[in-house]
Structure formats: C-alpha cells, structure tokens
Amino acid sequence: MKLLAAACLVTGTLTATLIAAANPEAEKYWAQWRGPHATGAAVNGNPPLEWSETKNVRWKVEIPGRGSSSPIVWGDKLFILSAVPAGVDATASHTPRGAVTPRAPHRFVVMAIDRRTGKTIWERTANEAVPHESSHPDNGTWASASATTDGEHVIASFDSFGYYAYDMNGTLVWQKDLGDKRMRNEFGEGSTPALHGNHLVVVWDHFVPGASFITALDKRTGQELWRAKRDEIDTWATPLIVEHDGRVQVIVNGMNKLRSYDLETGSVVWEAPGTTMNPIPSPVFADGMVFATSGFRGNNLKAIRLADARGDISASGAIAWQLDRDTPYVPSPLLYDGILYLLKTNSGILSAFDAKSGKPHYQAQRLEGLNEVFSSPVGAAGRVYITDRTGTTLVLKNSPAFEVIGKNTLDDGIDASPAIVGDTIYIRGYKSLYAIGSGT
C-alpha cells in the first residue's frame, strides 16, 4: 500500500500497485481507500496547514443520511456513499441508528460531487432495504465501506446490500448480491474492496461458521472469477494488493491467519499467525515490506519482508520485526517516507517507527487536544494530519522528531478518513463534507 516516490516505487522486482496501474492519472488523485498507494500519503498533495469554519473552507455541503465511508476523487469528481433512513428529518438522519427499533428502510446512495464547487453532479440510489441486523448503537452506520474507482468505473460497496459498478456518468454497469453478513454483536459491516486491473477483490468475513471467504470479481461484469474459503470471523481491513516477481498478491489481515493470495487463482502464497481479534486497520507496503496490525483484545504488528515470504512464514526470517504494544484498533497506519505512524487503540497517543528496522523514533506520545480517534492519519507536503471524533485535527511535521505545527477545529464530528488531492483536503463529517484549501 504505499510508495515513496514516483508512480510506482520499485525495489528490485517488487512494486506496489496503484488503483489503475496502467493509468498515470491515478497518481494525481485519491481513487481508493487510503489514497493513490493505499498508505494514507498523497505524494503530490499540498493542503493547508490551518483552517476553521471561517478560514480556508472552499465549500461545505450537507450529505444526506449517515456514513463513515471516506471520499474518493478522480478528475473533477468526488464520490461518496451514504445510508439514508426513511421517515426522519435531516438532522436525525445523521445520528447513529444501530439501536433504533424497529429498523427503518434505508436508501443506499452513491453521490458524485463536483470537487471544485461542491455541487452534486449525479446521485443514484443503489438499493432500498430494511437492514437485516443492527449496526453499532453508538458509532454505527450502514455505509462504512468506501467507494473505489479507476477513472472508468466507480465501484460502490454496501456489503450485504450489494456491490454496484457505475460508469463515470452514473450509468449502472452491473450489480452483485453476495448474500447477508452476520456480524458478531451486530457491530456493523464495512470492508472496502480493492481494485487492481480487472480484478475487484472482496473479503467476506463474518460470524457464521464456515461461511467466510475471499473472492475476485471481474470489474467489467461483476462475474465471480474465483472464491477461497477463510477460517475467520469478522474483519474490516481492506486487502492490500502488491506485485512481487511477476506475481500479484492479495494480502489480507485476519485473527487466525495473515495470508497472501494469488490474484489470478486465489491460491495461498504465504501465511503467518494472525494479528488480533476484530482486524480493522488495513495493511500498508513500502520498500519490499508489508505491515499488518490490529489492536482489539491484544496488540500486534508484523513487518514482513516479501522477498522471503513463501509458505508458512511463522518461524522464518520473512517476519523482519514485530510489535506487541500500542497498536491501533480502528485507525489504519500511515506509512510516509519510511516512517510508520501508529495510533494506540482509538486514542490520541501516537508512535512512529523506522519502517525498515522497527526502531522507534518515539512511542506513546500523547497528542494534546485530541480525544478518541476513528479516522486514519494522512500525510502530504511533509506533514501528518490526525483528526479526532470531535472535529479537531492536529498537524505534525513528518519527521523522526515529534513536532506539532498546527491545530484546527471544525463544527462537526468526524469518523471518516480524509482524502488529499492537490492543494485540497476533503473531510467528511457526520453531517457535512468539507473541501479545505488555501486562499479562501
């Protein structure tokens, strides 16, 4: 999931994939969850250091319903997903409804927004349904997964409520129903698929014995290309797709096993012991190494050297270093210019490591002014942006030395992770979507 320099950082024969590897435009945009290299970093971005409700907000628009899916961007369009409950006013539609009974019908909405003006270009209702089970009573939404695009198709994931592929003008190309997930404690769904070439990879881990799987769909038709069973319960992490020695691998976090699958066949390339229960953070990649982590009922991070990874790597030198403390529960790590940033559980406590060696630059550093954090850190222009659930963002210098260089607050709660394109950072709150850029 990351590359540090050009359109595809190369280390020997190892590269990390872009969302559309053959399309050089992908480098400029934020076409998938966690950005052009799925690391949280925008190598060409330069968003503002400072903002508020009255400073550097280019536009602010209310988004109907509730969702924690992150915005994605291609060209002049920004895409966002939401679940809109029936029979309630706009204010109530933004609040958590996982504990509300009886459950109301929801519209599962895909929106294309002009990223320069905030005006809606098109809006499509992908599905209308009554959710078959609850989501988290305090934090939940039925639109947690993010969309993904390659500049030709926009893929909207609503998990149990279907997968939908649109062209860039909003025409439905195909739709796919994989059934109903059953999540432990009904805490909600939200695993974003990964797109590479014509393969859309979906991880379907849930709390039904023997019913979890990973599958690859043809991006053009929705046809299933392969399916592999997984001995896992609930996971939310987005799969990581990388290429090594001419083989494209799909790396998937799990409680029981951390596995790599062959993209073309679904066969297992290598496997290691899992991380922790409820894996939510997505793996990241750079310089030939994959980093997988989670932090519920335990702490674990594994740094894996792909050149040495084949078969069972649990006792091999492929695991370059590990960590058993202060790992994230919800936020994914940020991998930026050789530094791996990790939040502790969901708190405003940050650690930074040299990614290659595992040597800590600093550990368990409290971020004054930040409280609970669900949003994943992002990086651009030598800066790291970390946003908490109250709408406060701390800006740090991307450096081995800890240094806070900015603090900004918006009048909205924030769970979704930001997207950075050019000089603008797009932040989705509970109620509104913000475009923040200098000079406004």
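I will try to describe carefully the structure that is included in this document. Being a predicted model, the structure only gives us computed values, none of them experimental.

The rules behind each value
- Residues numbered from 1 in each chain as written.
- Predicted model: local features only at pLDDT ≥ 70, side-chain atom pairs only at ≥ 80, totals over all residues.
- Heavy atoms only, no water.
- Helix = DSSP H or I, 4+ residues; strand = E, 2+ residues; numbered from the N terminus.
- Rg over C-alpha atoms; globule rule 2.2 N^0.38 Å.
- Buried < 20%, exposed > 50% of the residue type's maximum accessible area, 1.4 Å probe, protein only.
- Areas by Shrake-Rupley, 256 points an atom, 1.4 Å probe, with all protein chains shown as cover.
- Lys, Arg positive; Asp, Glu negative; His and termini not counted.
- Charge placed at Lys NZ, Arg CZ, Asp CG, Glu CD.
- Pairing = 2+ DSSP bridges.
- Axes fitted to C-alpha atoms, helices over the stretch in contact; angles between N-to-C directions.

**Quick look at the overall build of the chain**
Working step 1: Within the chain, the secondary structure is distributed over one helix and 35 strands.
Working step 2: Against the globule reference of 22 Å for 440 residues, the chain gives a C-alpha radius of gyration of 20 Å, in line with a compact fold.
Working step 3: Once the C-alpha set of the chain is aligned to its principal axes, its extents read approximately 55 × 50 × 40 Å.
Working step 4: A total of 440 residues make up the chain; the buried ones form 63% of that total.
Working step 5: Surface accessibility of the chain: about 15,100 Å² in total, with carbon and sulfur atoms responsible for 48%.
Working step 6: The average position of the 42 basic charges and that of the 46 acidic charges among the side chains of the chain differ by 2 Å.

**Examining unusual backbone geometry**
Working step 1: Residue P102 follows T101 across a cis peptide bond; omega there is -10°.
Working step 2: If you trace the backbone, P102 turns up in the loop between α1 (90–93) and β6 (106–114).
Working step 3: The phi angle at D287 is positive, at roughly 50°, despite the residue not being glycine.
Working step 4: For D287, the position within the fold is in the loop between β20 (284–286) and β21 (289–294).
Working step 5: We classify D287 as partly exposed; its relative accessible area is 44%.
Working step 6: Backbone geometry at A381 places phi at a positive 55°, although glycine is not the residue there.
Working step 7: Take A381: it is sitting in the loop between β29 (378–380) and β30 (383–387).

**Some points on the sheet that holds strand β14 (residues 213–218)**
Working step 1: One open sheet accounts for four strands, arranged β12-β13-β14-β15; its pairing is antiparallel. Strands with a single pairing partner mark the edges of an open sheet, and in this sheet they are β12 (194–196) and β15 (224–229). Across this sheet, the average inter-strand angle for adjacent strands is 20°, counted without regard to direction.
Working step 2: In this sheet, β15 lies alongside β14 in antiparallel orientation, the contact comprising five bridges. Within β15, the position partnered with L217 by the bridge is E224.

**Overview of the pairing of strand β27 (residues 349–354)**
Working step 1: Most of β27 sits out of view: five of its six residues are buried.
Working step 2: Here strand β26 (residues 339–343) folds back onto β27 in antiparallel fashion, the turn holding five residues, of which T345 has a positive phi close to 45°.
Working step 3: Where β27 lies against strand β28 (residues 360–366), four bridges are found, and the strand directions are antiparallel. Residue pairing across strands places I349 opposite R366, the latter belonging to β28.

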